[in-house]
Amino acid sequence: MATWETRTTVKGQPEHVLEVLTDPTSASRWSPIGFELEELDGDRLRSGTRAVLTGKVAGRGVSFDVHVIKASDGQLELRAVGPVEMDVAYDAVPADEGTEVKASVAVRSAGGLIGRMISSATDALLAGGALNVAVQGVAREVERSFAATC
């Protein structure tokens, strides 16, 4: 299992970061991997909600069942299960210049040849900076969406 981490400072409040992180429409703009939201319990990610996402990784169609473990107090934690399993955590805490956003993604194969291939491709994307791209996208989205209220 590989774990990838990054952090940045966002000009906004922790609650603004969480609003961006839990809004599926916003996520489609900042996610470095294109996906379609097939199913969602409600209109946004909340603690205890479930969703189904589909997309392509390494040229293969994939589907993930997503369980939101926590979406409150500046934190988003979720587990995505498909050909790979990912534990994802975002933590937004007040900082001198706004909010520090820490992100972490742990990736492991769900088994089989396809699972190992998708796991390797996901690790390569993350090693290539995809998580950093996502966090920078979150920062842009927060600054764009909430500039007037900060």
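Quick look at the structure, then. (Residues numbered from 1 in each chain as written. Predicted model: local features only at pLDDT ≥ 70, side-chain atom pairs only at ≥ 80, totals over all residues. Heavy atoms only, no water.)

Next up on the list: the overall build of the chain. In terms of helices and strands, the chain carries four helices and seven strands. For the chain, the α and β elements follow one another from N to C terminus as β-α-α-β-β-β-β-β-β-α-α. Its C-alpha atoms give the chain a radius of gyration of 15 Å, within 12% of the compact-globule value 15 Å for 150 residues. Here the chain, with 150 residues, has 42% of them falling under the buried criterion. When contacts within the chain are restricted to residue pairs at least 6 apart in sequence, those whose partners lie at least 24 apart make up 48%. By element, 50% of the accessible surface of the chain is carried by carbon and sulfur atoms, the whole surface being about 7800 Å². Counting 15 positive and 21 negative side-chain charges, the chain places the centres of these two groups 4 Å from one another. (Helix = DSSP H or I, 4+ residues; strand = E, 2+ residues; numbered from the N terminus. Rg over C-alpha atoms; globule rule 2.2 N^0.38 Å. Buried < 20%, exposed > 50% of the residue type's maximum accessible area, 1.4 Å probe, protein only. Contact = heavy atoms within 4.5 Å. Areas by Shrake-Rupley, 256 points an atom, 1.4 Å probe, with all protein chains shown as cover. Lys, Arg positive; Asp, Glu negative; His and termini not counted. Charge placed at Lys NZ, Arg CZ, Asp CG, Glu CD.)

Tallied over the full model, the rule gives one cavity of 30 Å³ or more. A volume near 760 Å³ is recorded for the largest cavity. What lines the largest cavity is a set of 36 residues, and nearest its centre among them are Ser31, Phe35, Leu53, Met86 and Val88. Elements with a contribution of two residues or more to the lining of the largest cavity: helix 2 (24-30), strand 2 (35-40), strand 3 (50-57), strand 4 (60-72), strand 5 (75-81), strand 6 (84-95), helix 3 (112-127) and helix 4 (130-146). With six residues, strand 3 is the single largest residue contributor to the lining of the largest cavity. Class assignment of the residues belonging to the lining of the largest cavity gives a composition of 28 nonpolar, six polar and two charged. (1 Å grid on protein atoms, 1.4 Å probe; cavity = no way out; pocket = protein on both sides within 12 Å on 5 of 7 lines; lining within 4 Å. Points joined across faces, edges and corners; volume = space filled by probe spheres on them. Nonpolar A, V, L, I, M, F, W, Y, C, P; charged D, E, K, R; others polar.)

On to unusual backbone geometry, then. Unusually for a residue other than glycine, aspartate 73 sits at a positive phi of about 55 degrees. Secondary-structure assignment places aspartate 73 in the loop between strand 4 and strand 5. Its relative accessible area of 65% is what places aspartate 73 among the exposed residues.

For the coordinates displayed, the defined rule picks out seven salt bridges. In this structure, the salt-bridge partner of arginine 46 is aspartate 43, at a minimum N-O distance of 2.9 Å. Under the relative-accessibility criterion, arginine 46 is labelled partly exposed at 40%. Between aspartate 87 and arginine 108 there is a salt bridge, with its nearest N and O atoms 3.0 Å apart. Of this pair, aspartate 87 sits in strand 6 while arginine 108 sits in strand 7 (residues 98-109), and the two are 21 residues apart along the sequence. Counted as one network, the salt bridges with shared partners bring together Arg79, Glu85, Asp87 and Arg108. (Salt bridge = Lys/Arg side-chain N within 4 Å of Asp/Glu carboxyl O.)

Coordinates in, geometry out; function isn't part of it.
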